[in-house]
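One-letter residues, chain by chain:
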Amino acid sequence: MATIDRQTPTLALAHALAAAGRGLPVFPLSATKLPALRSPHRGEQAPARCRGECGLPGHGVHDATTDPAAVRALFAAAPRATGYGIACGRTPHRLIGIDLDVDPAYGSDAAGALRQLALQHLFTIPPTVTVLTPSGGRHLWLTGPADATVPNSAGRLAPGIDIRGSGGYLVGPGSVTAHGRYRLAPGTAHLTPAPCPRALLRLLTQHRRPPPGPSGAGRTPTPDRRGEGLIQFVLAAHEGQRNTRLFWAACRAYEHGFGDTLADALTEAAVRTGLPEHEARAAIASAARLTSRRQSDPS
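Okay, so let's go over this structure. (Residues numbered from 1 in each chain as written. Predicted model: local features only at pLDDT ≥ 70, side-chain atom pairs only at ≥ 80, totals over all residues. Heavy atoms only, no water.)

### Considerations on the overall build of the protein
Point 1. The secondary structure content of the protein amounts to 8 helices and 12 strands.
Point 2. Relative to its full complement of 299 residues, the protein shows a buried share of 47%. (Helix = DSSP H or I, 4+ residues; strand = E, 2+ residues; numbered from the N terminus. Buried < 20%, exposed > 50% of the residue type's maximum accessible area, 1.4 Å probe, protein only.)

Next up, the structure:
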């Protein structure tokens, strides 16, 4: 685990300025990996759906900028920032982040799942910028064309593979979080983000039908298709891991902003595996509370 001291915010700013100098829009993050600046609309009875139009900082990824003076101003307003986020989908790079997660709840290999997808759909991941995460996962940086909008998703391609696209962000290398430091993988520091293979881009942008349930027993309703992979992750649970898988999937859904939309489908999937409905609802409620606390932590 990396040490957070008085030099950490200074180093975070330095790394952010270096990224901005390479054309990557950045903004400050706290040690929780969440935006370090509070929303200026907190406490409003009817919070505005503002993406920075008000002119004030505190709009998360919408604050991201490549202007050095603006970057310095954002970090000056967030003196406890320990890292920086990089906005995806923005010019000039139109960054796409392939987040290969590592979590004990999986019991599966996200990198292996990506290799399997590559074999199945006949593409290869070119050498590109790769960031190692404190948990042992990795972020692959790719670029997209101007005419494609890649949505954010959690587990849609396969369990453990999250996508950061338009409106999303990646934690930049050099950032320090409560769990450790993000760093460039050896041998990739000199690289630039490689173009996303066309076959992979089609997978990232196409609409997918909800897959069938186990043994052809109909289909699990998926109100938000970004959560299809999470539903299948829960359906694949064996006895002894049902509650853990459900809780993990619900946390990912709430972190990505569609937890409430997916709650009923997650519950039904868990019930299909043999988990009582009241236990499923309790696990999802716990996930909602946990992610809510994380997102409301002061920076």
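### Regarding the pattern of salt bridges
Point 1. Summed over the entire model, instances satisfying the criterion amount to 5 salt bridges.
Point 2. Put simply, D99 and R164 hold a salt bridge, and the shortest N to O gap is 3.4 Å. Here R164 lies in strand β7 (residues 161-164) and D99 lies in strand β3 (residues 95-100), a separation of 65 residues in the sequence.
Point 3. Using a relative accessible area of 16% as the deciding quantity, one classes R164 as buried.
Point 4. Among the ionic pairs, R252 bridges to E255, the shortest N-O distance being 2.9 Å. One end of the pair, R252, and the other, E255, are both in helix α6 (residues 242-255), 3 residues apart, so they sit about a helical turn from each other.
Point 5. Judged by its relative accessible area of 11%, R252 is buried.
Point 6. Under the relative-accessibility criterion, E255 is labelled partly exposed at 35%.
Point 7. Each of D264, E277 and R281 takes part in salt bridges that share partners, so that together they form one network. (Salt bridge = Lys/Arg side-chain N within 4 Å of Asp/Glu carboxyl O.)

### Observations concerning the packing of α6 against helix α7 (residues 259-272)
In a packed pair of helices, the relevant descriptors are the angle between the two axes and the axis-to-axis distance.
Point 1. Contact geometry for α6 and α7: axes closest at 9 Å, N-to-C directions at 165 degrees. Here α7 runs roughly antiparallel to α6, going by the angle between their axes. Remark: the crossing between α6 and α7 carries right-handed chirality. Across from L246, A249, A250, A253 and Y254 in α6, the residues of α7 making contact are G259, D260, L262, A263, L266 and A270.
Point 2. Its residues assigned to classes, the contact of α6 with α7 shows 9 nonpolar, 1 polar and 1 charged. (Axes fitted to C-alpha atoms, helices over the stretch in contact; angles between N-to-C directions. Parallel < 35°, antiparallel > 145°, perpendicular 65-115°, else oblique. Left-handed = near helix turned anticlockwise from the far one by under 90°. Contact = heavy atoms within 4.5 Å. Nonpolar A, V, L, I, M, F, W, Y, C, P; charged D, E, K, R; others polar.)

### Overview of the nonpolar core
Point 1. The biggest cluster of nonpolar side chains holds 30 residues, and the ones touching the most others in it are V26, V71, F75, Y84, I86, L95 and W141.
Point 2. Secondary structure elements with two or more residues in this core: α1 (8-21), β1 (26-29), α2 (68-77), β2 (83-87) and β8 (169-171).
Point 3. Ranked by residues supplied to this core, first place goes to α1 with 6 residues.
Point 4. F75 has contacts with A12, L13, A16, F27, P28, A81, G83 and Y84, leaving out every residue within four places of it along the chain.
Point 5. One finds V234, F258, L275 and A280 within the second-largest nonpolar core, a separate group that totals 26 residues. (Core = buried A, V, L, I, M, F, W, Y, C linked by side-chain atoms within 4.5 Å.)

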